[in-house]
Structures are given as C-alpha cells and as structure tokens.
Amino acid sequence: MTTYPWEELRERAQEAMSFAYAPYSNYPVGAAALVDDGRIVTGCNVENAAYGVTLCAECGLVSELIRSGGGKLVAFVCVNGNGDLIVPCGRCRQLLYEHGGNALVVLMPNGPMTMRQVLPQAFGPADLEEVKE
C-alpha cells in the first residue's frame, strides 16, 4: 500500500474540527483528505436544530473538493473532539466512495483500509450506466 501523509492529514482534520458547529450533540468532527493532485481538503460537521439536515464533516470536505477544482480522493482521515480516529457513518461512506472509489484509503482506528473494504459491494456511478439504453 502507498505511503500517505497520515500525520499531516490527522493534524488538518483536528484543525477543521475546531471549526465544527455542534451545539446539540457537543460532538465536533473534523475530516481531511488527500486529493490525487496533491491538495488536501478538509471539512467539519455543521449541526442543525432540525437534526435530519445536519451536515457531517465528510459533506463539507466533499464540498471543498468540488469548490477547489474537483479530483479524486486518495487518502482520508476523520477525528472527533478528542482527536481520536473515528469511522465514517454509512451515508458518508457512500459519499466518500463517490469521490474516491474502491482505491480510496481510509485511516480507521485499527489501521488503513481501502474503501472496497470499508464499503464492500458499493453502489456507484457505474451501476447507473447498467440501466441506460
């Protein structure tokens, strides 16, 4: 497996976490990812009184990816308010898969895993092509 700047990604995720808006859960989250062109994009969670419209840190990260020129995510880290590595929720795994594919490497609490391992048999853009005429 390729070597990634995990320490820098973790530091950038912690920095992003410091901007989280989490007045309801008091559970700030920050995320950082390496893009295939060498950029690092970050995001933090933004809660809402209508809980269902809360944005996870991964949502902000993908918005920053698109805003700053797009590309493919190659390495990803997510931390909580203590700086501990955390696992992306199911919705966010799907979001990360869309922008990183099977090869995206996610630093999990027990070590790096590919997105293929994190989200096996994922549904993605190729699945939509199967039904086009």
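It should be emphasised that the depicted structure is a prediction, and the values quoted were computed from it without experimental measurement.

> I'd like to hear about the packing of aromatic side chains, residue by residue, with values.
A full pass over the atoms with the stated rule returns two aromatic pairs. When the ring of Tyr4 is compared with that of Trp6, the centres are 5.6 Å apart and the planes differ by 70°; the resulting orientation is edge-to-face. Relative accessible area serves as the criterion here: at 18%, Trp6 is assigned to the buried category.

> Can you break down the sheet that holds strand 1 (residues 29–35) residue by residue, with the values?
The strand order across the open sheet formed by five strands is 2-1-3-4-5, and the pairing between neighbours is mixed. Sheet topology places strand 2 (40–44) and strand 5 (111–114) at the edges, where each strand pairs with a single neighbour. Strand after strand, the sheet turns through a mean of 20° between neighbouring axes, direction not considered. Two strands pair when backbone bridges link them, and strand 3 (residues 73–80) and strand 4 (residues 105–108) are joined in this way by two bridges, in the parallel orientation. Following the sheet pairing, Ala75 is matched in strand 4 by Val105.

> Quick rundown of the pairing of strand 4? Include the residues and the values.
Every second residue of strand 4 is oriented toward a common face, with Val105 and Leu107 on one face and Val106 and Met108 on the other, all of them buried. Since strand 3 and strand 4 lie parallel, the crossover through helix 3 (residues 90–100) that links them has a hand, and here it is right-handed. When strand 4 meets strand 5, the two strands line up antiparallel, connected through four bridges. Bridged to Leu107 within strand 5 is Pro112. Here strand 4 folds back onto strand 5, and the loop between the two strands holds two residues.

> I'd like a rundown of helix 3, residues and numbers included.
In an α-helix, one turn spans 3.6 residues, which is why side chains three or four residues apart end up on the same side. Those residues of helix 3 not exposed but buried are Cys92, Leu96, Tyr97, His99 and Gly100. On its buried face, helix 3 is in contact with helix 2 (57–67), strand 3 and helix 4 (115–118). Gly101 lies just past helix 3 and shows a positive phi near 70°.

> Tell me about the side chain of Asn80, and please be specific about residues and values.
Tracing the chain through its elements places Asn80 in strand 3. Judged by relative accessible area, Asn80 falls into the buried class, the value being 9%. Within the structure, the side chain of Asn80 is placed 2.9 Å from the backbone nitrogen of Asn82, a separation counted as a polar contact. Setting aside anything within four residues of it in sequence, one finds Asn80 in contact with Met17, Tyr27, Pro28 and Ile86.

> Which residues make up the packing of helix 2 against helix 3, and what values go with them?
Where helix 2 meets helix 3, the axes come as close as 10 Å, and the angle between the chain directions of the two elements is 20°. By the angle between their axes, helix 2 is roughly parallel relative to helix 3. At the point where helix 2 passes helix 3, the crossing takes the left-handed sense. Along its contact with helix 2, which presents Glu58, Cys59, Val62, Leu65 and Ile66, the element helix 3 presents Arg91, Cys92, Leu95, Leu96 and His99. Each residue belonging to the contact of helix 2 with helix 3 can be placed in one class, and the counts come to seven nonpolar, one polar and two charged.

Conventions adopted
- Residues numbered from 1 in each chain as written.
- Predicted model: local features only at pLDDT ≥ 70, side-chain atom pairs only at ≥ 80, totals over all residues.
- Heavy atoms only, no water.
- Phe/Tyr/Trp six-rings, centres within 6.5 Å; stacked < 30°, edge-to-face > 60°.
- Buried < 20%, exposed > 50% of the residue type's maximum accessible area, 1.4 Å probe, protein only.
- Pairing = 2+ DSSP bridges.
- Helix = DSSP H or I, 4+ residues; strand = E, 2+ residues; numbered from the N terminus.
- Axes fitted to C-alpha atoms, helices over the stretch in contact; angles between N-to-C directions.
- Right-handed = clockwise from strand over helix to strand, strands pointing away.
- Contact = heavy atoms within 4.5 Å.
- Polar contact = N/O pair within 3.5 Å; in protein donor to acceptor, adjacent residues only side chain to side chain.
- Parallel < 35°, antiparallel > 145°, perpendicular 65-115°, else oblique.
- Left-handed = near helix turned anticlockwise from the far one by under 90°.
- Nonpolar A, V, L, I, M, F, W, Y, C, P; charged D, E, K, R; others polar.

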